[in-house]
Amino acid sequence: ILRGKSMTVDVTFNNQERIENLAKKVSDQIEADSLTLINAFKDSIFLKKTNFNDLNLISMYLPNTYNLYWNTSAEDFRDRMYLEYKKFWNKKKILLAKKIGLELIEVIILASIINKETPIFEERKKIAGVYLNRLKKKIKLQADPTVIFAIKSQYKKFDTVIRRVLLSDLKIKSKFNTYKIRGLPPGPICMPDLSSIEAVLNADQHNYIFFVANPDKPGYHNFSKSLKMHNFHKRKYINWINKIKILR
């Protein structure tokens with residue numbers, strides 16, 4: 001295919017788990033190859049200038065469709081994404097982040113956890129409220145998706161599908177294991193949808209501090225204000241996953 005210098009393409013990406021996945025996705029759509037893109041993304045001078053680091057740099061790339069020249073260089077792509085990031089964080093969103101006591105990157109880190117917790121859009125604000133309540137009360141987040149990310153990172157097996165977190169998994173030593181660390185992990189565990197970011201910024205206000213998957217309504221969760229109620233829902237869920245034999 002002959003592509004003219006001025007030819008533009010719509011570059012789309014979403015739900016990428018790591019910066020390497022993003023580079024692959026983008027390299028399939030523009031001239032720059034994935035290795036050149038990774039090098040541009042991880043460039044230490046650029047990271048220092050923009051206040052990102054190796055653990056949180058995926059926060060800068062907001063999933064969407066962008067119109068670009070096909071021969072856009074890796075550096076130009078990265079710089080454009082930084083401009084889009086700055087544009088996204090307008091005064092209104094910055095104020096909302098301040099109101100919930102989070103830095104902008106922390107909003108994206110929390111959104112990434114929520115993104116992995118549920119595909120149900122209407123539940124995301126409620127789950128965001130639970131995690132914000134836990135952060136305020138200085139209770140560990142204890143988010144299973146962070147444990148899954150920690151396991152995949154430790155064993156460098158990012159294609160592994162883990163559907164059940166075992167008690168032994170909760171002991172994994174990792175900055176991303178929110179059963180071990182207090183507060184948020186040092187970076188996102190995936191690239192969150194824009195809807196998950198909005199869910200954090202506009203989280204529901206309630207008194208729930210626990211939630212667990214609801215076996216009677218797949219994709220949804222049961223929320224609790226007390227540990228006693230949470231343990232009741234948790235037992236119900238464990239009985240269900242044992243019954244349908246989800247072992248891992």
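Everything below is about the structure shown above.
Caption draft 1: Spotlight on the layout of surface pockets. In this structure, the largest pocket encloses a volume near 1400 Å³. Forming the boundary of the largest pocket are 47 residues, of which Glu117, Asp144, Val165, Ala213 and Tyr237 lie nearest the centre. Secondary structure elements with two or more residues in the lining of the largest pocket: helix H6 (104-117), helix H7 (121-136), helix H8 (144-155), strand E3 (210-213) and helix H10 (227-243). The element contributing the most residues to the lining of the largest pocket is H10, with eight residues. Contributing to the lining of the second largest pocket are 19 residues, with Asp54, Leu55, Phe149, Ser153 and Phe176 lying nearest its centre. When residues of the lining of the second largest pocket are traced back to their parent elements, those giving at least two are helix H1 (19-27) and H8. Among the elements that make up the lining of the second largest pocket, the one with the highest residue count is H8 (four residues). In the lining of the second largest pocket, the residues fall into nine nonpolar, three polar and seven charged.

Caption draft 2: Representation of the pattern of salt bridges. Summed over the entire model, instances satisfying the criterion amount to ten salt bridges. Across the pair Asp28 and Lys24 runs a salt bridge whose closest N-O atoms are separated by 2.9 Å. Assessed through its relative accessible area of 54%, Asp28 is described here as exposed. The salt bridge partner of Lys236 is Asp216, with a shortest N-O separation of 2.7 Å. Separated by 20 residues along the polypeptide, Lys236 in helix H10 and Asp216 in the loop between E3 and strand E4 (221-224) bring together distant segments of the chain. Take Lys236: its relative accessible area is 34%, and that puts it in the partly exposed class. For Asp216, a relative accessible area of 57% gives the class exposed. What you see here is one network of salt bridges that share partners, running through Glu17, Lys116 and Lys152.

Caption draft 3: Structural context of unusual backbone geometry. The phi angle at Asn15 is positive, at roughly 50°, despite the residue not being glycine. Tracing the backbone through its elements, the reader meets Asn15 in the loop between strand E1 (8-13) and H1. Classification of Asn15 by relative accessible area gives partly exposed; the value is 46%. A positive phi is found at Asn51, a non-glycine position, where the angle reads about 65°. In this structure, Asn51 sits in the loop between helix H3 (44-50) and strand E2 (64-69).

Caption draft 4: Highlighting the packing of aromatic side chains. Across all of its chains, the model carries 14 aromatic pairs by this definition. Ring centres of Tyr208 and Phe223 lie 5.7 Å apart, and the angle between their planes is 50°; on these two criteria the pair is classed as tilted. Highlighted residues: Tyr208 in the loop between helix H9 (194-201) and E3 and Phe223 in strand E4, separated in sequence by 15 residues. The structure contains a cluster of three or more aromatic residues connected by ring pairs, namely Phe13, Phe41, Tyr61, Tyr66 and Phe77. Above the face of the Phe46 ring, Arg78 is positioned so that its terminal group lies 4.1 Å from the ring centre. One Lys or Arg, Lys217, reaches over the ring of Tyr220 and ends 4.3 Å from the middle of that ring.

Caption draft 5: Main features of the side chain of Thr50. With respect to the helices and strands, Thr50 occurs in helix H3. For Thr50, the side chain forms a polar contact with the main-chain oxygen of Phe46, separated by 2.8 Å.

Caption draft 6: Spotlight on the packing of H7 against H9. In the contact formed by H7 and H9, the axes pass within 8 Å of each other and the chain directions differ by 45°. Considering the angle they form, H7 stands oblique to H9. Taken as a pair, H7 and H9 cross one another with a handedness that is right-handed. Counted together, Phe121, Arg124, Lys125, Ala128 and Leu132 of H7 and Ser195, Ser196, Ala199 and Val200 of H9 form the full contact between these two elements. For the contact of H7 with H9, the class distribution of residues is five nonpolar, two polar and two charged.

Caption draft 7: Summary view of the nonpolar core. Within the largest apolar cluster, 68 residues are counted, with the highest numbers of intra-cluster contacts made by Phe13, Tyr61 and Phe77. Not counting chain neighbours up to four residues away, the residues in contact with Phe13 comprise Leu22, Lys25, Val26, Tyr61, Leu62, Pro63, Asn64, Tyr66, Phe77, Met81 and Met191.

Caption draft 8: Region of interest: H9. All of the buried residues in H9 are Ser196, Ile197, Ala199, Val200 and Leu201. Looking at the buried side of H9, the elements it contacts are helix H4 (74-88), helix H5 (91-99), H6 and H7.

Definitions and limits used
The numbering scheme is per chain: residues are counted from 1 as the chain's sequence reads. The predicted origin of the model limits local features to residues at a pLDDT of at least 70 and limits the giving and counting of side-chain atom pairs to 80 or more, whereas totals for whole chains, interfaces and linings rest on all residues. Excluding hydrogens and water, the side-chain figures rest on all heavy atoms present in the structure. Put simply, the grid is 1 Å and covers the protein atoms alone, a cavity is a trapped set of points that fit a 1.4 Å probe, a pocket is an open set with protein on both sides within 12 Å along at least five of seven lines, and lining residues have an atom within 4 Å of a point. Grid points are joined across faces, edges and corners, and a volume is the space filled by probe spheres set on the points. Only runs of H or I of at least four residues qualify as helices and only runs of E of at least two qualify as strands under DSSP, and these elements are numbered from the N terminus. Residues are sorted three ways: Asp, Glu, Lys and Arg are charged, Ala, Val, Leu, Ile, Met, Phe, Trp, Tyr, Cys and Pro are nonpolar, and all the rest, Gly among them, are polar. Throughout this description, the term salt bridge denotes a Lys or Arg side-chain nitrogen within 4 Å of a carboxyl oxygen of Asp or Glu. Exposure classes here rest on a 1.4 Å probe applied to the protein chains alone. A residue is buried below 20% of its type maximum, exposed above 50%, and partly exposed in between. Any two rings among Phe, Tyr and Trp, with Trp reduced to its six-membered ring, count as a pair given centres within 6.5 Å; such a pair is stacked if its planes are under 30 degrees apart, edge-to-face if over 60, and tilted if neither. In this scheme, the term charge over a ring applies when either NZ of a lysine or CZ of an arginine sits within 6 Å of the ring centre and within 35 degrees of the ring normal. What qualifies as a polar contact is a pair of N or O atoms within 3.5 Å, subject to a donor-acceptor requirement within protein and to the restriction that residues adjacent in sequence count only when both atoms come from side chains. A fitted line through C-alpha atoms serves as each axis, taken over the contacting stretch for helices, and the angle formed by two N-to-C directions is quoted from 0 to 180°. Oblique is the label for any angle not covered by the other classes, which are roughly parallel (under 35 degrees), roughly antiparallel (over 145) and roughly perpendicular (65 to 115). By convention, the crossing between two helices is left-handed when the near helix turns anticlockwise from the far helix through less than a right angle, and right-handed when the turn is clockwise. Contact definition: two residues touch when any of their heavy atoms are within 4.5 Å. Among buried residues, the Ala, Val, Leu, Ile, Met, Phe, Trp, Tyr and Cys ones that are joined through side-chain atoms within 4.5 Å form a nonpolar core.

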